[in-house]
Amino acid sequence: MDFEITEEQRMFRDMAHKFAEQEILPPLKENERQEKFDPAIIKKMAAQGLLAPHMPQEYGGLGLDYVTSSIIWESLCSASLAVTQAAVSGSIQPGTNLLDAGSEAQKKKYLPPVNKGEIILAGAVVEPNAGSDSSMIETSAVRSGNHWIINGTKIFITNGEIADVVLFIAQTDKSLGLKGLATFIVDKGTPGFSSTVQKGKISWRGGSEGTLRFTDMELPLENQIGETGKALRNALHGIDTARLFLAAGAVGLSQSCLESSIKYAKERVQFGKSIGGHQLIQEIIADMATKIEASRWLTYRAAYLKSKGIRHIKEMSYAKYFAAETALWVSSQAVKIHGSFGTIDDFPVGHHYQDAITATILGGTAQMHQLTIGQQLLEMAAFR
Ligand SMILES: Cc1cc2nc3c(=O)[nH]c(=O)nc-3n(C[C@H](O)[C@H](O)[C@H](O)COP(=O)(O)OP(=O)(O)OC[C@H]3O[C@@H](n4cnc5c(N)ncnc54)[C@H](O)[C@@H]3O)c2cc1C
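Residues numbered from 1 in each chain as written. Predicted model: local features only at pLDDT ≥ 70, side-chain atom pairs only at ≥ 80, totals over all residues.

Engineer: How would you summarise the overall build of the protein chain if you had to cite specific residues and measurements?
Structural biologist: From N to C terminus, the protein chain includes eleven helices and ten strands. Relative to the compact-globule value of 21 Å for 384 residues, the protein chain shows a C-alpha radius of gyration of 21 Å, a close match. Considering only C-alpha atoms, the protein chain reaches an extent of 80 × 45 × 40 Å along its principal axes. Within the protein chain, the proportion of its 384 residues that are buried is 49%. Once local pairs closer than 6 in sequence are excluded, the contacts in the protein chain between residues at least 24 apart make up 74%. (Helix = DSSP H or I, 4+ residues; strand = E, 2+ residues; numbered from the N terminus. Rg over C-alpha atoms; globule rule 2.2 N^0.38 Å. Buried ≥ 20, exposed ≤ 12 C-beta atoms within 10 Å, placed from the backbone. Contact = placed C-beta atoms within 7 Å.)

Engineer: So what's going on with the site of the ligand? Residues and values would help.
Structural biologist: Among the 19 residues in the neighbourhood of the ligand, the closest are listed as G131, S132, T158, T365 and Q367. Looking at the shell around the ligand, the element that brings in the most residues is strand β3 (residues 147–158), giving three residues. Tallied by class, the residues present in the shell around the ligand amount to ten nonpolar, eight polar and one charged. Of the domains in this structure, domain 2 (121–229) and domain 3 (232–378) are the two that each give at least three residues to the shell around the ligand. (Near = placed C-beta within 6 Å. Nonpolar A, V, L, I, M, F, W, Y, C, P; charged D, E, K, R; others polar. Domains from an automatic or database assignment.)

Engineer: Kindly report on the environment of P39, identifying the contributing residues and their values.
Structural biologist: Checked against the element boundaries, P39 lands in the loop between α2 (28–33) and α3 (40–47). A sequence separation of 223 residues divides P39 from I262, and the C-alpha atoms of the two residues are 33 Å apart.

Engineer: Tell me about the nonpolar core, residues and numbers included.
Structural biologist: Ranked by internal contacts, the top residues of the largest apolar core, which has 105 residues, are L76, F184, A247, A250, A323 and A327. No other element matches the 15 residues that helix α7 (residues 231–267) contributes to this core. In this view, A327 contacts A250, L253, S254, A356 and A359; residues no more than four positions away in its chain are not counted. (Core = buried A, V, L, I, M, F, W, Y, C linked by C-beta atoms within 7 Å.)

Engineer: Mind laying out α7, listing which residues take part and the relevant values?
Structural biologist: The terminal C-alpha atoms of α7 lie 54 Å apart, and with 37 residues this matches the ideal 54 Å at 1.5 Å per residue to within 8%. For α7, the tally of buried residues reaches 27 of 37 residues, placing the bulk of the element in the interior. (Expected span 1.5 Å × (residues − 1).)

Engineer: Can you break down the packing of helix α5 (residues 81–101) against helix α6 (residues 104–115) residue by residue, with the values?
Structural biologist: Following both chains from N to C, one finds α5 and α6 inclined at 165 degrees, their axes separated by 10 Å at the closest point. Overall, the two elements α5 and α6 adopt an arrangement that is roughly antiparallel. For α5 against α6, the interelement crossing comes out left-handed. Residues G90, S91, G95, L98 and L99 of α5 lie in contact with α6, whose contacting residues are Q106, K107, Y110, L111, V114 and N115. (Axes fitted to C-alpha atoms, helices over the stretch in contact; angles between N-to-C directions. Parallel < 35°, antiparallel > 145°, perpendicular 65-115°, else oblique. Left-handed = near helix turned anticlockwise from the far one by under 90°.)

Engineer: Any chance you could break down unusual backbone geometry for me, citing the residues and the numbers?
Structural biologist: One non-glycine residue with positive phi stands out, namely E35, at about 50 degrees. On the basis of neighbour count, E35 is assigned to the partly exposed category, with 16 C-beta atoms found within 10 Å. Even without a glycine there, the phi angle at D216 is positive, about 45 degrees. Judged by C-beta crowding, with 10 C-beta atoms within 10 Å, D216 ranks as exposed.

Engineer: Break down the packing of helix α1 (residues 7–24) against helix α4 (residues 66–77) for me, with residues and values.
Structural biologist: At a minimum axis separation of 8 Å, α1 and α4 run at an interaxial angle of 25 degrees. One finds that α1 runs roughly parallel with respect to α4. Seen from above, α1 lies across α4 with right-handed handedness. Here E8, Q9, F12, R13, A16, H17, F19, A20 and I24 of α1 come into contact with α4, specifically with T68, I71, I72, S75 and L76. The residue inventory of the contact of α1 with α4, partitioned by class, reads eight nonpolar, four polar and two charged.

Fair warning: the whole summary comes from geometry, so function is off the table for now.
Right, dumping it as structure tokens:
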């Protein structure tokens, strides 16, 4: 057992941290006020080689293991989990799905430009009536001669409005349930495909989500990815990678809150001394640091098992569930330590607090992870 991070990991951590401070942080406050994600960050991240660390080199990634990738994601998310998620998401869930299930021609066509930041790929599963329960997917794919006709709506899709390409799941035969689901890929501009941006957000304001509508959209047969009936199974590796990214991101968010809280607790004087000198503040700081450390090692452990190809279903759920809940708790404590100043956007703790609630929903809600852990331990499913 080795808990040391390597020289290479240290180098990537420092590089990602510097990028977060120099490129993600400066425009963040204004962009969040306007609920704006600036896609220029994707190209900048790609230029530094930070956009797709886990992707194979032959498809434009760095070919790094998942522990090193997690360290990079953690560092980037210390500035903003929402911005980083919008920037890297193409290479994570939909990119991994394509890598696993796509033909060589499909992979060569889409993956290198996505992983190099030349085009934006979105992954669309969720619909108005299908959230945690994918068996409810209603977007229909009906075979007609040498093409598919697609009708349906996808909501809360990361980069939905700005994506050049969308990988989505649709139902080919309702009577088959999950076995009727199939994955497709569509280019922006295809007749029948339209998108709008999601506004009115109370969280993830630096991120980017949209609604997609498919109206009698014709897709050539070759736009199907993988076999019908295997859509969810093929998506699993990508979903697993998204969970790891979010666990690592939640650790980065929490660490930033801790660092800001320590600094502020040393500087802010009340009742004749730094508030950090009051025992009740030290208790909060100690609990924050302990929970963050636990989140970090749960995340690295899940990443390690994933890199080794060892089964890690419950370990990934421990990491995603605990790190996201910790981020929510830590960021709320951080706001309290900053007092009134914590409630305005001059300090990072405010936007981290806003983003943390979304981290508990994306990549599987807390309840879905509790049910997954319960299912693994009890060997019985409570939800399907
Ligand atoms: C910022 C953001 C980005 C997103 N990006 C994408 C994307 O790129 N692609 C995509 O497809 N989707 C995306 N989503 C959607 C996201 O994946 C879903 O919101 C998430 O899966 C939860 O689904 P839901 O919101 O419909 O909640 P629901 O599934 O309706 O759940 C509502 C509540 O009920 C609970 N619940 C549900 N079933 C059970 C049960 N059996 N037992 C106990 N409790 C239960 C849940 O835990 C939750 O608390 C995004 C969402 C956000 C906010």
